[in-house]
Amino acid sequence: QETTQPSLYTRLGGMPTLENVVENMLYRVADDPEVVVFFANTNIDHFAEAFATQLCDISDGPCQYDGPPMDRAHQHMGINDAHFNRVVEYLADALEDEGVPLAEQNELLGRLAPLHADIMRRQ
Ligand code: HEM
C-alpha cells in the first residue's frame, strides 16, 4: 500500500512560515558584522522575496525561482566556508525559532547543501 506525504513546503507551513523564517534569519544576519557587510549594497526587500521564493521552489511549493543562478548571484563577493556555514546556521536557528519541526528543518537544509558548490564556484 502506498502512502503519500504532503510536500515539504506544506509540512514547513507554506509561504507564511517561509516569509517569517527569512525575516528571522535576516535579523540574525544584521547582528553579525562579518556577514552583514556582504549585504551593504543589497536591496533587502528584493533579497527576502527572492530567498523565500527559492525556499518555496526547492521545497516543492508553488513557486519558481527565476532569479540569477547561484554561482552568478554570489560571484566575486569573497564568501568563504565560514561565511556560508554562518548563514546556514542562521537559517537553521530561524527555522527552529519559527517552530519548524526538526525533520523538516533537516530536509530543507539538506536540499540547500548542494548549492554550496555553486555559491563557491566564482569567489
Ligand atoms: C544556502 C545558502 C544561500 C542561498 C540559498 C542564497 C540565496 C540567495 C538568493 C536567492 C539571492 C537573490 C539573488 C537575486 O535575486 O539577485 C541571494 C543574493 C545574495 N546573497 Fe545569497 N544565498 C546563500 C548564501 C549566501 C552567503 C553565505 C552569503 C554571504 C555571506 C550570501 C550573500 C548574498 C548577497 C549579498 C546577495 C545579494 C546580492 C545583490 O545585492 O545583488 N548568500 N542569495
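Residues numbered from 1 in each chain as written. Predicted model: local features only at pLDDT ≥ 70, side-chain atom pairs only at ≥ 80, totals over all residues.

The protein carries the name Group 1 truncated hemoglobin in an unreviewed UniProt entry, which gives Vreelandella gomseomensis as its organism. According to its UniProt record, the protein has this under Sequence similarities (unreviewed entry): "Belongs to the truncated hemoglobin family. Group I subfamily." What UniProt records for the protein under Cofactor (unreviewed entry) is the sentence "heme". (UniProt positions renumbered as here; feature names shortened; annotations may be inferred.)

Once that is clear, we can look at the site of the ligand. Around the ligand, 21 residues are found, and the nearest of them are Thr42, Ala50, Gly67, His83 and Val87. Looking at the shell around the ligand, the elements with two or more residues in it are α4 (44-58), α6 (81-97) and α8 (115-121). For the shell around the ligand, a count of residues per class yields 15 nonpolar, six polar and no charged. (Near = placed C-beta within 6 Å. Helix = DSSP H or I, 4+ residues; strand = E, 2+ residues; numbered from the N terminus. Nonpolar A, V, L, I, M, F, W, Y, C, P; charged D, E, K, R; others polar.)

Relative to each other, α6 and helix α7 (residues 102-112) sit at 155°, their axes nearing to 10 Å. Between α6 and α7, the interaxial angle falls into the category roughly antiparallel. Crossing angle aside, the handedness with which α6 passes α7 is right-handed. Contact residues: α6 offers Val88, Ala92, Leu95 and Glu96, while α7 offers Gln105, Leu108 and Leu109. Residues of the contact of α6 with α7, tallied by class, amount to five nonpolar, one polar and one charged. (Axes fitted to C-alpha atoms, helices over the stretch in contact; angles between N-to-C directions. Parallel < 35°, antiparallel > 145°, perpendicular 65-115°, else oblique. Left-handed = near helix turned anticlockwise from the far one by under 90°. Contact = placed C-beta atoms within 7 Å.)

Relative orientation of the contacting elements helix α2 (residues 14-30) and α6 amounts to 130°, with a least axis distance of 8 Å. Classified by the interaxial angle, the pair formed by α2 and α6 is oblique. Both α2 and α6 take part in a crossing whose hand is right-handed. Across the interface between the two elements, Val21, Asn24, Met25, Arg28 and Val29 of α2 pack against Tyr90, Leu91, Asp93, Ala94, Leu95 and Asp97 of α6.

Turning next to α2. Helical periodicity: at 3.6 residues per turn, an α-helix aligns residues three or four positions apart in one direction. Between the first and last C-alpha of α2 there are 25 Å, a value that for 17 residues agrees with the 24 Å anticipated at 1.5 Å per step. Three or more residues of α2 are buried, namely Leu18, Val21, Val22 and Met25. In an axial view of α2, the angular spread of the buried residues amounts to 100°, which keeps them on one side of the axis. Those residues of α2 that are exposed and aimed more than 90 degrees away from the buried face are Pro16 and Tyr27. As for α2, its buried residues are in contact with α1 (8-12), α4 and α6. (Expected span 1.5 Å × (residues − 1). Buried ≥ 20, exposed ≤ 12 C-beta atoms within 10 Å, placed from the backbone. Arc of directions from axis to C-beta.)

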